[in-house]
Amino acid sequence: MSETIRLCKSLDLIAIVPYLLGFHPTASLVILGFREDSFTVGIRHDLPRDCDELTEVIAGSLSVLIREKAGAIGVIGYGPAGLVTPVLDGLREAVAMTDIELLDILRCENNRYWHHPDIGPADGTPYDITTSQAAAGAVAAGRIAFPDEAAMAACLRSVDGPERDAVRAATCTARARAESLLATATPRFWYEEGLACVRRAFERHLAGEPITPEEMAWLGVLLTSIAVRDASITLFHAYPGPAHIELWSEVVRRVESGYIAAPATLLALAAYGTGAGPLARIAVDRALGDNAAYSMARLVDCGLSNGVPPSAVHHMHANVTAEEIEAGVERHPRLALPQLPPSVEGR
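Residues numbered from 1 in each chain as written. Predicted model: local features only at pLDDT ≥ 70, side-chain atom pairs only at ≥ 80, totals over all residues. Heavy atoms only, no water.

Asker: Outline the packing of helix H11 (residues 261–273) against helix H12 (residues 277–290), listing residues and values.
Answerer: When two helices pack together, their arrangement is given by the angle between the helix axes and the distance between those axes. The interhelical angle for the contact between H11 and H12, taken along N-to-C directions, is 165 degrees, at an axis separation of 8 Å. In terms of axis orientation, H11 runs roughly antiparallel to H12. Regarding H11 and H12, the two cross each other, and that crossing is left-handed. Here Ala261, Ala264, Thr265, Leu267, Ala268, Ala271 and Tyr272 of H11 come into contact with H12, specifically with Leu279, Ala280, Ala283, Val284, Arg286, Ala287 and Asp290. (Axes fitted to C-alpha atoms, helices over the stretch in contact; angles between N-to-C directions. Helix = DSSP H or I, 4+ residues; strand = E, 2+ residues; numbered from the N terminus. Parallel < 35°, antiparallel > 145°, perpendicular 65-115°, else oblique. Left-handed = near helix turned anticlockwise from the far one by under 90°. Contact = heavy atoms within 4.5 Å.)

In structure tokens:
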């Protein structure tokens, strides 16, 4: 997390988890890793179903924690004691064989928590995360916690009804415009027009102004340019982090099929960089569902599957510059041209 949010007690650890994941977990094992008192990596697994899966979850988690040099961890198991206790026991025993400090290990169920091994009231300690300064800090920083993972996925479903009809009609017009301009417009035109269109979308969003179907359709067309997509990554530090997640979520929901892969990948990168791995996963799935061969989405998918930490994505954000992309357009002009998907009639 880039914001400074202090975790001073068990309630703070419980309270911050939904804002790191993007949703309130159930039937889960969550591990938060810290290095030199700063959050460095978050790991979530569904509760293992058997001993073999438990062994795999523990080994995989420790591998990530050791690779990221996590010196201390906080652990929370969500669910009934019969399912969670064996998981916490196994993890505690494995961590004891390492140099990693176990700061806190908890079980949560029905808004009550228990320290593990059993310490405190037999019926647990009731909690309300809204009373935690950690939750207040996360909300102030613009983080959102959906009720569950399904609710988070629903926020990226494509719009339908009259709104879909309007964007579909606008996309036909935008595509025809692009096909006409491809015969005469220079690569620099596409690059500059695309970057300007992305900036306008951010300014509209931050001002609370709606993005029209025509603007959304043209943005979708322009984002099929590799250079325009990559230039959008250079804006990750130009606008607040939540704005990237909100804007690209809106674009994913509104653009037509065939134009989803680029904005969904940008959303995945924005979410990944803030540590919201589950949202990044949903966004990547939307991107690959739209275009299974989309290379940037496949790269992010690989990172997520192999536990690459958010810090690596931050590093990538910082090392992509507009000057380098412009130079790339000069060397490889085709990178700036829109790569239009097959027409509706051809799909």
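Asker: Quick one: what's the story with the packing of aromatic side chains, residue by residue and with numbers?
Answerer: Taken as a whole, this structure holds six aromatic pairs when the rule is applied. Centre to centre, the rings of Phe189 and Trp190 are 5.3 Å apart; their planes meet at 70 degrees, and the pair counts as edge-to-face. What makes Phe189 partly exposed here is its relative accessible area of 29%. In this structure Trp190 comes out as buried when scored by relative accessible area, which is 0%. Taken together, Phe189, Trp190 and Trp218 form an aromatic cluster joined through their ring pairs. A cation over an aromatic ring shows up here: Arg107 above the ring of Trp114, its NZ or CZ 4.0 Å from the ring centre. It is Arg177 that lies over the ring of Trp218; its NZ or CZ is 3.9 Å from the centre. (Phe/Tyr/Trp six-rings, centres within 6.5 Å; stacked < 30°, edge-to-face > 60°. Buried < 20%, exposed > 50% of the residue type's maximum accessible area, 1.4 Å probe, protein only. Lys NZ or Arg CZ within 6 Å of the ring centre and 35° of its normal.)

Asker: Explain the side chain of Thr224 to me, and be specific about the residues and the numbers.
Answerer: Here Thr224 shows up in the loop between helix H8 (213–222) and helix H9 (226–233). Relative accessible area serves as the criterion here: at 14%, Thr224 is assigned to the buried category. Here the side chain of Thr224 touches Val221 through a polar contact of 2.6 Å, landing on its backbone oxygen. Non-local contacts of Thr224, meaning those with residues more than four positions away in its chain, are made with Tyr259, Leu337, Pro338, Gln339 and Leu340. (Polar contact = N/O pair within 3.5 Å; in protein donor to acceptor, adjacent residues only side chain to side chain.)

Asker: Quick one: what's the story with H12, residue by residue and with numbers?
Answerer: Along its 14 residues, H12 runs 20 Å from first to last C-alpha, staying within 8% of the 20 Å computed at 1.5 Å per residue. Along H12, the positions that sit buried rather than exposed are Pro278, Leu279, Ala280, Ile282, Ala283, Val284, Ala287 and Leu288. (Expected span 1.5 Å × (residues − 1).)

Asker: Give a description of the pattern of salt bridges that names residues and reports values.
Answerer: The full count for this structure, using the stated rule, is 22 salt bridges. A salt bridge links Arg168 to Asp165; the shortest N-O distance between them is 3.7 Å. Highlighted residues: Arg168 and Asp165, both in helix H6 (residues 161–181), separated by three residues, approximately one helical turn. Arg188 is the salt-bridge partner of Glu330, the closest N and O atoms lying 2.7 Å from each other. One end of the pair, Glu330, is in helix H15 (residues 322–331); the other, Arg188, is in helix H7 (residues 187–206), and 142 residues separate them in sequence. A network of salt bridges, in which partner residues are shared, links Arg164, Asp165, Arg168 and Glu256. (Salt bridge = Lys/Arg side-chain N within 4 Å of Asp/Glu carboxyl O.)

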